[in-house]
Amino acid sequence: MPGRPGRFTDGRERRGVAGIDSELAAEQAAVDVAYGRLDELRASTRARLAEVRRSRSGGTPQNRSERDAFATLYEDRAARLEQVEERLVFGRLDLDDDGRRYIGRIGLTDDGQTPLLTDWRAPAAQAFYRATAAHPDGVRRRRHIVLRGRAVTGLEDEVLDLDLLEGDPDELSGLSGEGALLAGLRAGRTGRMGDIVATIQAEQDAIIRSGLEGALVVQGGPGTGKTAVALHRAAYLLYAHRRLLERSGVLLVGPSSTFLRYIDQVLPSLGETGVVTTTVADLVPGVVADGTEPDAVAEIKGRGVMAAVIGRAVRDRQRIPAEPVELRVDGRRIVIRPDDVAQAIARARRLHRPHNQARVTFVRDMLSRLAGQYVAQLGFDVPSDERSEIVEELRTTREVRIALNLAWMPLTPQGLLRDLYAKPYRLASAAPQLSERDRALLVRAPDAPFTPADVPLLDEAAELLGEDDQAARAQERVAAKAREREVAYARQVLASTGGDALVSAELLADRFAAGGSSLTAAERAAADRTWTYGHVVVDEAQELSAMAWRALLRRVPTRSLTIVGDVAQTSTRAGARSWAGMLDPVLRGSWRLAELTVNYRTPRAVADVAGRVAAAAGLPTSPLVSAREVPDALVVERVEAQRVAARAIEVAREAVVRVRDEEGAGRVAVVADDDALEALRQAAADADVTFGRGLDDPLVLLGARATKGLEFDVVVLVEPAQVLARAAGDLYVAATRPTRALHVVHARDLPPGFEA
Ligand SMILES: Nc1ncnc2c1ncn2[C@@H]1O[C@H](COP(=O)(O)OP(=O)(O)OP(=O)(O)O)[C@@H](O)[C@H]1O
């Protein structure tokens, strides 16, 4: 008898899959074969790596760099094979033609190239996520295989062939693999995001496999899997477009370094190690932006108009002197004439090159004019080699250098921005579009640290300033020739070693060229401000300012982007209230929208109250269905004002114990407005309760905004009215973080919408 839909079977409940013991044993055998093959591949990769390492020292430099390149290749491969241990196999498709296909984390074949396991990203695996009884797509039965370690502990069947189906088809829920899904959702939080590869839902799968071209915007309420989908999409795109993306790389931009740590195991567990992750604050290599500033200041810095302000600030450093400047060089009178400077500036600008590069032309032009004055005073003609000596003499004369610098200052992005903020007259000249009040808000001391909102401005400045790149360009021409030879050689090497399925000739040539350097494409990309990526994924994209978008789009000229977020969770003033409002100006209307509608994280009662509060505060919330019903998930407790902090700590302490007793592990967060954190720290110290610092700690204290993108088993939310007063989006974020319970402790009146 075939299984019924959506039933989950494990050691305790053995309904649903007929003859469960023999089925479990049969699946165990299949799973053992897959793991056996994985072990073999690991061993052979290790052996090859050891061999390459052994032979590393001898031979010509060419041989050595070739071997180093292969060593990097095998190291990558070994790391990938290590990472896919957990739940290597998780599904099986039984097909109409009696064929059978196992679905897993990576593709595996046996020695004779017979498929053992189909990579979840392959077209042949798509039906595992998409097939329904209405559209079975050649599938009769979909089976979820649940593993603990390498042991098969549960099976769940969904029969898609209605003729085989017993019972009422209405029983089919909208969620695929519901038992496996709910089991996954119920598990205690570890502090690190896990992959969802075994239980991706159809609406998520459609987004993950959407084409590479253009900008795809994924809007979804809290807990709808936007982050999970974005990460799985990155892994999918790397698989489906490997040749294109392997060398150019994929960039993933997240809201904070805590968030990046939270997600950092997902891609490796999907077999992908080559994605560069960053925050906007870390986008420019070499810039540390750890300063803080009021939201109102960050908002001004994020406005699109700041591009023009930076442009103007650069041009302001190309200046015609008001009066002629007279200098003496070797007893001769040299005059820096405003007219000469004006003409030299105009000529240099006509080149449309960045400031520091155009400056080379300006200086050459000016020196030639000044040399003319010098020669005229000699009263005789000077041969050209002597004229060059005069030019050189002028170039190295301190007064001439100062005068030319004043007319066209060589600049770094940092210097330009510091000077702009520190000198109100510069700001007034560069930013006439800003009100006096806004300009006053931007003023600060030259030694103040940069803030995250400065980074896109520094990037803009770096673009307009450029480097003095004459030498670099000459070198580039030589390098281009050498590269042609290297790619041709790499192709030969690959053809003779049969390694071309692992890596393209271009990538191998890159590695040869880097002296067999252990730097992967991702590492090189991360260190290079001007690197352009093949695809960029932006999470929590609603927070990005117009200037941040400019900085990101510069890194992806093809505009191949995945943009995920929720316009109801915006907290910063520079962020978006609507995707069209944010993206139309930067992408000129060229983007497509997909929506996610099921909340997999927050229990229904909590999601409902969070939604009502958000709507009452006027946030543009999306309609949401909660996948989880958890009893007693919402507790609201009013106490006297002076008891709030102490009570919150008490509740948190109890929650830590409860979560541990129930799940063995789990995480609790006390979340409050930033201004309330000190009192909570004090109350915790008084009660001998310790807050952890890391993501894996059982109890943490966080400001509401800092919880963005994270999740916890239990959230103790302190004084929601105070959180709301800072930003409604922050309250919506904080309230939707728990997977099991939200416990509100308050003294002030609750925000509208809290009561049903
Ligand atoms: N198909 C799925 N199977 C199992 N778990 C899922 C699935 N989709 C989402 N989840 C889980 O739901 C939780 C929320 O997912 P995620 O953090 O990606 O949501 P989000 O939309 O980015 O949330 P937010 O906007 O609130 O930060 C995560 O624990 C994720 O693993």
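Everything numeric in this text was worked out from a predicted model, so none of it was measured.

A closer look at the overall build of the protein chain
Stage number 1. For the protein chain, the helix and strand inventory stands at 29 helices and 22 strands.
Stage number 2. The buried share of the protein chain, taken over its 756 residues, is 42%.
Stage number 3. Sequence-distant contacts in the protein chain: of pairs separated by 6 or more residues, those separated by 24 or more amount to 75%.

Digging into the UniProt feature "binding site: ATP" (unreviewed entry) in the protein chain
Stage number 1. This chain's UniProt record puts "binding site: ATP" (unreviewed entry) on G220, G221, P222, G223, T224, G225, K226 and T227.
Stage number 2. With respect to the helices, strands and loops of the structure, P222 is situated in the loop between β8 (215-220) and α6 (226-240).
Stage number 3. Given 27 C-beta atoms within 10 Å, P222 falls into the buried group.
Stage number 4. Excluding residues within four positions of it along the chain, P222 makes contact with D566, Q569, N599, R601, T602 and T736.
Stage number 5. Mapped onto the elements, T227 comes out in helix α6.
Stage number 6. Owing to 26 C-beta atoms within 10 Å, T227 belongs among the buried residues under this scheme.

Focus on the environment of L406
Stage number 1. With respect to the element layout, L406 can be found in helix α15 (residues 398-407).
Stage number 2. Separated by 88 residues in sequence, L406 and Q318 place their C-alpha atoms 7.8 Å apart.
Stage number 3. Apart from the residues lying within four places of it in its own chain, the contact partners of L406 are R319 and P321.

Focus: helix α11 (residues 306-315)
Because each turn of an α-helix spans 3.6 residues, side chains separated by three or four positions end up pointing in the same direction.
Stage number 1. When α11 is considered as a whole, its buried residues turn out to be M306, V309, I310, A313 and V314. Burial along α11 is one-sided: seen end-on, the buried residues are contained in an arc of 135°.
Stage number 2. Buried positions along α11 lie against α10 (295-302), α13 (355-378), α16 (413-422), α17 (424-430), α19 (454-465) and α23 (546-554).

Quick notes on the site of the ligand
Stage number 1. Taken together, 23 residues lie around the ligand, and P222, G225, K226, T227 and Y600 are the ones closest in.
Stage number 2. Of all the secondary structure elements, the ones that give two or more residues to the shell around the ligand are α4 (178-186) and α6.

Structural notes on the domain arrangement of the protein chain
In many analyses, interface size is given as the accessible surface area lost on bringing the parts together.
Stage number 1. Each assigned domain of the protein chain is listed with its residue range as follows: domain 1 (15-187), domain 2 (215-284 + 529-599), domain 3 (295-315 + 412-465), domain 4 (318-407), domain 5 (469-513) and domain 6 (604-746).
Stage number 2. The C-alpha-based centres of domain 2 and domain 4 are spaced at 48 Å.

Some words on the nonpolar core
Stage number 1. Counting 156 residues, the largest nonpolar core has A234, A648, V671, V716 and V718 as the members making the most contacts within it.
Stage number 2. The element contributing the most residues to this core is α6, with nine residues.
Stage number 3. Non-local contacts of V671, meaning those with residues more than four positions away in its chain, are made with L702, A704, T707, V715, V716, L717, V718 and A734.

Details of the sheet that holds strand β14 (residues 561-565)
Stage number 1. Pairing is parallel in the open sheet, where six strands are placed in the order β10-β9-β13-β14-β8-β15. On the outer flanks of this sheet lie β10 (275-278) and β15 (591-596), each paired with one strand and no other. Sheet twist, expressed as the mean angle between neighbouring strand axes with direction ignored, is 15°.
Stage number 2. Both strand β13 (residues 535-538) and β14 contribute to a ladder of three bridges, which runs parallel. Across the sheet, residue V538 finds its bridge partner in β14, namely I563.

A closer look at unusual backbone geometry
Stage number 1. Positive phi values are uncommon outside glycine, yet E540 reaches one of about 50°.
Stage number 2. Note that E540 resides in the loop between β13 and α23.
Stage number 3. Under the C-beta neighbour-count criterion, E540 is labelled buried, with 25 such atoms within 10 Å.
Stage number 4. For E719, which is not glycine, the phi dihedral falls at a positive 50°.
Stage number 5. One can find E719 in the loop between β21 (712-718) and α28 (720-726).

Notes on the sheet that holds strand β20 (residues 699-703)
Stage number 1. The sheet built from five strands is open, its strands ordered β18-β22-β21-β19-β20 with parallel pairing. Two strands in the sheet have a free side with no partner beyond their single neighbour: β18 (634-638) and β20. Here the average twist between neighbouring strands, direction ignored, is 20°.
Stage number 2. As paired strands, β18 and strand β22 (residues 738-746) are joined by five bridges and run parallel to one another. In the strand pairing of β22, E637 is matched with V745.

Digging into the packing of α16 against α19
The packing of two helices is summarised by the inter-axis angle and the distance between the axes.
Stage number 1. Direction vectors running N to C along α16 and α19 enclose 120°, while the axes themselves pass 8 Å from each other. When the interaxial angle is binned, α16 and α19 end up oblique. The two elements α16 and α19 cross, and the hand of that crossing is right-handed. Contacts from P413, Q414, L416 and L417 of α16 reach α19 at D454, L457, L458, A461, A462 and L465.
Stage number 2. In terms of residue class, the contact of α16 with α19 is built from eight nonpolar, one polar and one charged.

Some points on the pairing of β21
Stage number 1. Burial within β21 is extensive, with seven of its seven residues counted as buried.
Stage number 2. Bridge count for β21 against β22 is six bridges, and the pairing is parallel. Note on β22: the bridge partner recorded for F712 is P738.

Quick notes on the rules
Residues numbered from 1 in each chain as written. Predicted model: local features only at pLDDT ≥ 70, side-chain atom pairs only at ≥ 80, totals over all residues. Helix = DSSP H or I, 4+ residues; strand = E, 2+ residues; numbered from the N terminus. Buried ≥ 20, exposed ≤ 12 C-beta atoms within 10 Å, placed from the backbone. Contact = placed C-beta atoms within 7 Å. UniProt positions renumbered as here; feature names shortened; annotations may be inferred. Arc of directions from axis to C-beta. Near = placed C-beta within 6 Å. Domains from an automatic or database assignment. Core = buried A, V, L, I, M, F, W, Y, C linked by C-beta atoms within 7 Å. Pairing = 2+ DSSP bridges. Axes fitted to C-alpha atoms, helices over the stretch in contact; angles between N-to-C directions. Parallel < 35°, antiparallel > 145°, perpendicular 65-115°, else oblique. Left-handed = near helix turned anticlockwise from the far one by under 90°. Nonpolar A, V, L, I, M, F, W, Y, C, P; charged D, E, K, R; others polar.

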